[in-house]
Amino acid sequence: MFTTQNYVVASSLDEAYELNQKPKSTVLGGCGWLKMGRRMMSTAIDLSKLGLDQITEQDEYFALGAMVTLRQIETHPGLAAYFGDCIAECVRHIVGVQFRNCATIGGSIWGRFGFSDPLTLFLSLGAEVVLHKAGVVALADFVNMPYDRDILVEVRLPKRGQKAAYVTHRASATDFPVLAVAVCRTADQTVCAVGARPQRAALVVREDGEAVQAFADRCADTLTFSSNLRGSAEYRAHLCRVLVRRAALAIEED
Ligand SMILES: Cc1cc2nc3c(=O)[nH]c(=O)nc-3n(C[C@H](O)[C@H](O)[C@H](O)COP(=O)(O)OP(=O)(O)OC[C@H]3O[C@@H](n4cnc5c(N)ncnc54)[C@H](O)[C@@H]3O)c2cc1C
């Protein structure tokens, strides 16, 4: 569990940003991850009164406020109507409903965890993040940016007619994924995001006319995989071949 000297409920994003510039200040999301550590904070910055807990549909995108919970995206009818079941599928394995009622999109995407299910799916959907200081940044860039003291305000899921499938392999229900795969097709291209390699999710673009198995093989052969207690690099590469094929076929058959 973490400790903090001060606790501030921010009354504006500017105030939250200013407070966060001080060393050892920490932004609080749902605290699901923070409470697993022993961080000593100078100031804990609570964003819960800034109206960031809403999902709104715009003409061009869905906006997910940073304090939107994983459970909100799992059960949101508008997201389901537009993206199908891939959104719910990417979070339904995460711990349990009570946990998903607390864990936030802001904490999940800011964390850029290698094992992250939402990060993997959102990358394939072409998401963008809105940062208070840096503005709008493609998630594909944000995923490899170093941690700084900015604040994640919103995640945008563009409406590009995506058809996406999300699949993972887990050693047991609710465990972290051994490998996570999202395949997304738009009118322009098909991409695959592979996460939990165990490195952060990375994208591979399907070539024109490339057969499903050839695409799956190329993902497995070109991405890097590593070993940890959940699986070896070789096992992950093998899973990649299987899961990319499965996800790509799912969107072709749909
Ligand atoms: C036991 C356990 C199992 C899990 N299993 C999975 C899993 O299988 N798959 C999966 O994808 N995820 C998993 N997670 C991660 C979880 O889904 C969340 O991603 C995680 O808890 C972070 O979200 P949070 O709201 O709790 O963030 P917090 O713990 O509050 O914050 C996490 C980090 O993000 C920073 N932060 C939070 N919000 C912002 C913001 N708006 N701007 C800037 N920085 C911010 C915090 O300062 C902190 O550094 C698991 C977590 C736990 C504890």
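Residues numbered from 1 in each chain as written. Predicted model: local features only at pLDDT ≥ 70, side-chain atom pairs only at ≥ 80, totals over all residues. Heavy atoms only, no water.

## Describing the site of the ligand
- Around the ligand lies a shell of 35 residues, among which Val-27, Cys-31, Gly-32, Thr-104 and Asp-117 are the nearest.
- Within the backbone of Trp-33, one N or O atom sits 2.9 Å away from an oxygen atom of the ligand.
- Protein contact buries 93% of the 970 Å² of open area that the ligand shows by itself.
- Most atoms of the ligand, that is more than half of them, are within 2 Å of grid points of the largest pocket.
- Per-element accounting of the shell around the ligand gives the leading share, 4 residues, to helix α6 (residues 105-111).
- Tallied by class, residues from the shell around the ligand come to 21 nonpolar, 9 polar and 5 charged. (Near = heavy atom within 4 Å. Polar contact = N/O pair within 3.5 Å; in protein donor to acceptor, adjacent residues only side chain to side chain. Areas by Shrake-Rupley, 256 points an atom, 1.4 Å probe, with all protein chains shown as cover. 1 Å grid on protein atoms, 1.4 Å probe; cavity = no way out; pocket = protein on both sides within 12 Å on 5 of 7 lines; lining within 4 Å. Sits in = over half its atoms within 2 Å of the grid points. Helix = DSSP H or I, 4+ residues; strand = E, 2+ residues; numbered from the N terminus. Nonpolar A, V, L, I, M, F, W, Y, C, P; charged D, E, K, R; others polar.)

## Brief notes about the packing of helix α9 (residues 212-222) against helix α10 (residues 233-253)
- Two elements in contact, α9 and α10, have axes whose closest approach is 8 Å; the angle formed by their N-to-C orientations is 145 degrees. Crossing geometry of α9 relative to α10 is assigned as right-handed. Residues Val-212, Gln-213, Phe-215, Ala-216, Asp-217, Cys-219, Ala-220 and Asp-221 of α9 form the contact with α10, whose own contacting residues are Ala-237, Cys-240, Arg-241, Val-244, Arg-245, Ala-248, Leu-249 and Glu-252.
- Each residue belonging to the contact of α9 with α10 can be placed in one class, and the counts come to 10 nonpolar, 1 polar and 5 charged. (Axes fitted to C-alpha atoms, helices over the stretch in contact; angles between N-to-C directions. Left-handed = near helix turned anticlockwise from the far one by under 90°. Contact = heavy atoms within 4.5 Å.)

## Some thoughts on the layout of surface pockets
- Considered as a void within the structure, the largest pocket measures approximately 960 Å³ in volume.
- Around the largest pocket, the lining is made up of 45 residues, and of these Trp-33, Gly-107, Ser-108, Gly-111 and Phe-113 lie nearest the centre.
- Listed by contribution, the elements that provide at least two residues to the lining of the largest pocket are β2 (26-28), α6 and α7 (117-124).
- Top contributing element to the lining of the largest pocket by residue count: α6, with 5 residues.
- Taken together, the residues of the lining of the largest pocket break down into 23 nonpolar, 14 polar and 8 charged.
- Lining the second largest pocket we find 18 residues, and of these Ser-124, Leu-125, Gly-126, Arg-160 and Gln-189 sit closest to its centre.
- A per-class count over the lining of the second largest pocket returns 10 nonpolar, 5 polar and 3 charged.
- Counting residues domain by domain, the lining of the second largest pocket receives three or more from each of domain 2 (55-158) and domain 3 (163-253). (Points joined across faces, edges and corners; volume = space filled by probe spheres on them. Domains from an automatic or database assignment.)

## Topic: the UniProt feature "domain: FAD-binding PCMH-type" (unreviewed entry) in the protein chain
- The UniProt feature table records "domain: FAD-binding PCMH-type" (unreviewed entry) at residues 1-162.
- Between the C-alpha atoms that bound residues 1-162 there is a distance of 40 Å. The span itself is 31% helix and 25% strand. (UniProt positions renumbered as here; feature names shortened; annotations may be inferred.)

## Some points on the state of the cysteines
- If you walk through the whole model with that rule in mind, you get 0 disulfides.
- Summary of cysteine pairing: Cys-90 is not part of a disulfide, and the nearest cysteine sulfur, belonging to Cys-86, is at 7.3 Å.
- Lacking any disulfide linkage, Cys-192 is separated from the closest cysteine sulfur, that of Cys-219, by 4.1 Å. (Disulfide = S-S within 2.5 Å.)

## Let's talk about the pairing of strand β6 (residues 128-131)
- Pairing of β6 with strand β7 (residues 135-138), which is carried by 4 bridges, proceeds in the antiparallel orientation. From the neighbouring strand, Glu-128 faces β7, where its bridge partner is Ala-138.
- Counting the residues between successive antiparallel strands, the hairpin from β6 to β7 contains 3 residues.
- Alignment of β6 against strand β8 (residues 152-158), held across 4 bridges, turns out to be antiparallel. Bridging from a neighbouring strand, Val-129 pairs with Val-155 of β8. (Pairing = 2+ DSSP bridges.)

## Notes on the sheet that holds β7
- The strand order across the open sheet built from 5 strands is β4-β5-β8-β6-β7, with neighbouring strands paired in antiparallel fashion. For this open sheet the edge positions go to β4 (55-57) and β7, each flanked by a neighbour on one side alone. Taking each pair of neighbouring strands and ignoring which way they run, the sheet shows an average axis angle of 25 degrees.

## Some remarks on the sheet that holds strand β12 (residues 202-205)
- Here 4 strands make up an open sheet; going across it, the order is β9-β10-β11-β12 and the pairing antiparallel. Across the chains shown, the open sheet's two edge strands, defined by having one partner strand only, are β9 (163-169) and β12. Within this sheet the neighbouring strands show an average axis-to-axis angle of 15 degrees, counted without direction.
- Against the sheet, α7 makes contact with β9, β10 (179-185), β11 (190-195) and β12, and its axis sits at roughly 20 degrees relative to β10, the strand it touches most.
- Of the strands in this sheet, β9, β10 and β11 touch α10, which is tilted by about 30 degrees from β10.

## A few points about the environment of Val-178
- Looking at the secondary structure, you find Val-178 in the loop between β9 and β10.
- For Val-178, a relative accessible area of 1% corresponds to the buried category.
- Along the chain, Val-178 and Thr-3 lie 175 residues apart, while their C-alpha atoms are 32 Å from each other.
- With near-sequence residues (within four places) excluded, Val-178 lies in contact with His-169, Arg-170, Ala-171, Ala-196, Arg-230, Tyr-235, Arg-236 and Leu-239. (Buried < 20%, exposed > 50% of the residue type's maximum accessible area, 1.4 Å probe, protein only.)

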